[in-house]
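# Results of the structural survey
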Amino acid sequence: MAKTCRTSPAPVAAPTVPAAAAAAGSEAGLKVDEGSQVDARRRADAGHKVDEGRGANAGLKVDTSHIVRAQRMDRIATGVLTAIAGLVMLIVVSMVAYILYEGLSTLLTPGFLTQPSRANGAAGGVAYQLFDSFYLLVITLLISVPVSLGAAVFLTEYAPEGPITHIASTAIETLSSLPSIVVGMFGFLVFSVNFGWKYSIISGAVALTMFNIPILVRVIQQALEDVPQHQRDACLAMGLTRWEATVHVLIPAAMPAIVTGVVLSAGRVFGEAAALLFTSGMSSPVRLNFFTLNFASPTCAWNIFRPGESLAVHIYKIYGEGAPEAQQIVWGTAALLMICVLLFNVVSRVAGKALAKRMTAE
């Protein structure tokens, strides 16, 4: 029987000590190289962060200097504006104080407000001139306020954008810039001469209305435009017509601004002189009867076709008299005119706010 020959595998030679040492050394070298690369990357990252920090600090310094300059300019501008406002207030207060100082003694003289003027204005009081000033003011506002309100509502709510609107706006701006002396000459030629009204209260009131209407139209128009659009949209969404929205919502909302405009225009009317020199005249009747309603009588105080003299015209007329008594009456009349305008403005503002509060139910 044949014997099977078995061959045993060749023995694997164990690694020698020098080879193992070499492999361990290479692995250690690789680890050292990797550690060096990591350290290098860390140092590079740290350098980048340092550079970024330096750049950020440099940018922060620039922003800080800009903020400092802006704050300095703000303080300078605030100081300049405060000085301008203080200067304006000082001028106004000085003027008011000087007029009161010169005219308050005459104004407080017994009979100055209740007696008519005498000796061509060089003696007596200013009772008729004070009444004529308020009478002219009331008639002027009765004419100009409804007309101005209607024109402003039409231009703001109804008039479409087009040449008609631009022409109307241009005409309003032109009328508002006319000198009062030109308006007075026009009123004299048209109302006093052609209409046959002569020197009368109504001629002066219509002349004052001519340059009062453009101011009121512009102010009321701006007041209506300042009302938020969503109020108009809400009114239309609720089924209100444009007229109902205007009457019940827009005008009450704009009432404070409208009253302010009326006050400003009333102050100009109350102190106007140039336009009245050619229309209402420079004299009042020697005697006025406040208890008669005979409007055809030249002595009836309510007759709009009689001559009338306002406080401003009275000042202009008697300023050239030259007598010491006349100069004292000038200062007293000027103080009275200024006090009337101030009181009228205060009362009108208070009444306007109360009316606006009532109409808007706030």
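Refer to the structure above for everything that follows.
Residues numbered from 1 in each chain as written. Predicted model: local features only at pLDDT ≥ 70, side-chain atom pairs only at ≥ 80, totals over all residues. Heavy atoms only, no water.

## So, the layout of surface pockets
Considering only enclosed or pocket space, the largest pocket measures out at about 160 Å³ in volume. Around the largest pocket, the lining residues are Val-145, Leu-149, Ile-220, Ile-251, Met-255, Ile-258, Val-259, Val-262, Val-263 and Ser-348. Listing elements by their share of the lining of the largest pocket, those giving two or more residues are α2 (127-158) and α8 (255-270). Tallying contributions element by element places α8 first for the lining of the largest pocket, with five residues. Split by residue class, the lining of the largest pocket holds nine nonpolar, one polar and no charged. (1 Å grid on protein atoms, 1.4 Å probe; cavity = no way out; pocket = protein on both sides within 12 Å on 5 of 7 lines; lining within 4 Å. Points joined across faces, edges and corners; volume = space filled by probe spheres on them. Helix = DSSP H or I, 4+ residues; strand = E, 2+ residues; numbered from the N terminus. Nonpolar A, V, L, I, M, F, W, Y, C, P; charged D, E, K, R; others polar.)

## Side note on the pattern of salt bridges
Counted under the stated rule, the structure contains four salt bridges. Here Glu-173 and Arg-218 are joined by a salt bridge, their closest N and O atoms 3.4 Å apart. Note that Glu-173 is positioned in helix α3 (residues 163-176) and Arg-218 in helix α5 (residues 201-225), a separation of 45 residues in sequence. Under the relative-accessibility criterion, Arg-218 is labelled partly exposed at 33%. (Salt bridge = Lys/Arg side-chain N within 4 Å of Asp/Glu carboxyl O. Buried < 20%, exposed > 50% of the residue type's maximum accessible area, 1.4 Å probe, protein only.)

## Some thoughts on empty space enclosed by the protein
Empty space among the atoms becomes visible once a probe the size of a water molecule is rolled across them. Following the criterion strictly, the structure yields one cavity of 30 Å³ or more and no others. Its volume calculated, the largest cavity comes out at about 40 Å³. For the largest cavity, the full set of lining residues is Ser-133, Leu-136, Leu-137, Leu-208, Val-269, Phe-270, Glu-272, Leu-276 and Ser-310. Those elements giving two or more residues to the lining of the largest cavity turn out to be α2 and α8. In terms of residue class, the lining of the largest cavity is made up of six nonpolar, two polar and one charged.

## Re the nonpolar core
Counting residues in each nonpolar core, the largest one holds 59 residues, and the members touching the most others are Leu-224, Ile-258, Leu-311 and Leu-336. If one sorts the elements of this core by residue count, α2 sits on top with 11 residues. Once you skip the residues sitting within four places of it in the chain, Ile-258 turns out to touch Leu-149, Ile-220, Ala-223 and Ile-251. (Core = buried A, V, L, I, M, F, W, Y, C linked by side-chain atoms within 4.5 Å. Contact = heavy atoms within 4.5 Å.)

## Overview of the environment of Leu-216
Positionally, Leu-216 belongs in helix α5. When the C-alpha positions of Leu-216 and Ser-148 are compared, they lie 5.7 Å apart, and in sequence the two are 68 residues distant. If we ignore the near neighbours within four places in the chain, the residues touching Leu-216 are Ser-144, Val-145, Ser-148, Gly-261, Val-262 and Ser-265.

## Regarding the packing of α2 against α8
Close contact between α2 and α8 brings their axes to 10 Å; oriented N to C, the two are set at 140 degrees. Compared by their axis directions, α2 and α8 come out oblique. When the axes of α2 and α8 are compared, the crossing they make is right-handed. Of the residues in α8, those in contact with Ser-133, Phe-134, Leu-137, Thr-140, Leu-141, Val-145 and Leu-149 of α2 are Ile-258, Val-262, Ser-265, Ala-266, Val-269 and Phe-270. Of the residues contributing to the contact of α2 with α8, the split by class is 10 nonpolar, three polar and no charged. (Axes fitted to C-alpha atoms, helices over the stretch in contact; angles between N-to-C directions. Parallel < 35°, antiparallel > 145°, perpendicular 65-115°, else oblique. Left-handed = near helix turned anticlockwise from the far one by under 90°.)

## Quick look at the packing of aromatic side chains
This model, assessed by the stated rule, comprises 13 aromatic pairs. With centroids separated by 6.4 Å and ring planes inclined at 70 degrees, the aromatic side chains of Trp-197 and Phe-305 adopt a geometry described as edge-to-face. Placement of Trp-197 in the loop between α4 (180-194) and α5 and of Phe-305 in the loop between α9 (274-277) and α10 (311-319) is noted, with a sequence separation of 108 residues between them. Trp-197 sits in the partly exposed class, given a relative accessible area of 23%. Taken together, the ring pairs connect Tyr-128, Phe-131, Tyr-135, Phe-290 and Trp-302 into an aromatic cluster. (Phe/Tyr/Trp six-rings, centres within 6.5 Å; stacked < 30°, edge-to-face > 60°.)

## Description of the side chain of Thr-279
Following the sequence through the fold, Thr-279 ends up in the loop between α9 and α10. If sequence neighbours within four positions are ignored, Thr-279 has contacts with Gly-184, Gly-187, Phe-188, Ser-192, Lys-198, Tyr-199, Ser-200, Ser-203, Gly-204 and Ala-207.

## Considerations on unusual backbone geometry
Excluding glycine, most residues fall at negative phi; most peptide bonds, likewise, are trans. Unlike most non-glycine residues, Lys-198 shows phi in positive territory, near 55 degrees. Structurally, Lys-198 can be placed in the loop between α4 and α5.

## Looking at the packing of α2 against α5
The interhelical angle for the contact between α2 and α5, taken along N-to-C directions, is 40 degrees, at an axis separation of 6 Å. With respect to each other, α2 and α5 are oriented oblique. Here α2 and α5 pass one another in a crossing that is right-handed. Its residues placed into classes, the contact of α2 with α5 shows 22 nonpolar, eight polar and two charged.

## Considering the environment of Phe-344
Tracing the backbone shows Phe-344 in helix α11 (residues 324-360). Between the C-alpha atom of Phe-344 and that of Phe-270, which follows or precedes it by 74 residues, the distance is 9.7 Å. If we skip the residues at most four places from it in the chain, Phe-344 touches Leu-137 and Ala-266.

## Let's talk about a nonpolar patch on the surface
On the surface, a cluster of nonpolar side chains totalling about 640 Å² of accessible area is made up of Met-73, Ile-76, Val-80, Leu-81, Ile-84, Val-88 and Val-92. Along the chain, Met-73 falls in helix α1 (residues 17-107). (Patch = residues over 30% accessible without salt bridge, like charges linked within 9 Å, V, L, I, M, F, W, Y side chains within 5 Å. Areas by Shrake-Rupley, 256 points an atom, 1.4 Å probe, with all protein chains shown as cover.)

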